[in-house]
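Each chain, letter by letter, is given below.
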Amino acid sequence: MLWYRHLYVGEKAKKHQFSIIRSIREKKYRPGVFVITPPSNGNNILDIYPAYMLLFGAYKKQEFKILGIAQGYQEALLLAGTIVTEMYEKTGGFCLEEFLTGRGSKV
């Protein structure tokens, strides 16, 4: 699991940021926590997963780059919206790789 250097954190998640990160790293179940990742296919801008999904099946075998963490699905949607808005403002488009590279990180 890779972590984005400039990790986006939702308002509710900020209160528990370090314990959320620790539980994800240690592959522990954390209800209500969502992660935002680069898209798994070319049709999306971002993907949102419940953090517990990373513990099972095919997801467990994949290497994810976590761009953001949120407490609750609504917060994850808002956070994804923030990322997309910043991406558009900085790049004039919706190329995540260009946006992240411009911030000093690769996808």
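Residues numbered from 1 in each chain as written. Predicted model: local features only at pLDDT ≥ 70, side-chain atom pairs only at ≥ 80, totals over all residues. Heavy atoms only, no water.

**Observations concerning the pairing of strand β4 (residues 65–71)**
Move 1: With six of seven residues buried, β4 lies mostly within the body of the structure.
Move 2: Bridge count for strand β1 (residues 2–9) against β4 is four bridges, and the pairing is parallel. Bridging from a neighbouring strand, Y8 pairs with G68 of β4.
Move 3: Examined bridge by bridge, strand β2 (residues 33–37) and β4 share four bridges and lie antiparallel to one another. (Buried < 20%, exposed > 50% of the residue type's maximum accessible area, 1.4 Å probe, protein only. Helix = DSSP H or I, 4+ residues; strand = E, 2+ residues; numbered from the N terminus. Pairing = 2+ DSSP bridges.)

**Some remarks on unusual backbone geometry**
Move 1: The backbone of K27 shows a phi angle near 55 degrees, a positive value even though the residue is not glycine.
Move 2: Along the chain, the position of K27 falls in the loop between α2 (17–25) and β2.
Move 3: Classification of K27 as partly exposed rests on a relative accessible area of 46%.

**Remarks on the sheet that holds strand β3 (residues 47–50)**
Move 1: The four strands lie next to each other as β1-β4-β2-β3, forming an open sheet whose pairing is mixed. Each having just a single partner strand, β1 and β3 make up the two edges of the open sheet. Strand-to-strand twist across the sheet, computed as the mean angle between neighbouring axes with direction ignored, equals 30 degrees.
Move 2: Its contacts with the sheet put α2 on β1, β2 and β4, and the angle it makes with β4 is roughly 130 degrees. (Axes fitted to C-alpha atoms, helices over the stretch in contact; angles between N-to-C directions. Contact = heavy atoms within 4.5 Å.)

**A look at the pattern of salt bridges**
Two side chains carrying opposite charge are able to pair once their charged atoms lie near each other.
Move 1: If you walk through the whole model with that rule in mind, you get two salt bridges.
Move 2: The shortest N-O distance in the salt bridge between E11 and K14 comes to 3.5 Å. Within this pair, E11 and its partner K14 are both found in helix α1 (residues 11–14), separated by three residues, close to a single helical turn.
Move 3: In this structure K14 comes out as partly exposed when scored by relative accessible area, which is 45%.
Move 4: K28 is the partner of E26 in a salt bridge, and the nearest nitrogen-oxygen pair spans 3.1 Å.
Move 5: Residue classification places E26 among the partly exposed residues on the basis of a relative accessible area of 41%.
Move 6: Judged by its relative accessible area of 49%, K28 falls in the partly exposed class. (Salt bridge = Lys/Arg side-chain N within 4 Å of Asp/Glu carboxyl O.)

**Quick word on empty space enclosed by the protein**
Empty space among the atoms becomes apparent when a probe as large as a water molecule is rolled across them.
Move 1: One pass over the full model with this rule turns up one cavity of 30 Å³ or more.
Move 2: Taken together, M1, S23, I24, K27, K28, A51, L54 and L55 make up the full set of residues lining the largest cavity.
Move 3: Of the residues in the lining of the largest cavity, the class split is five nonpolar, one polar and two charged. (1 Å grid on protein atoms, 1.4 Å probe; cavity = no way out; pocket = protein on both sides within 12 Å on 5 of 7 lines; lining within 4 Å. Points joined across faces, edges and corners; volume = space filled by probe spheres on them. Nonpolar A, V, L, I, M, F, W, Y, C, P; charged D, E, K, R; others polar.)

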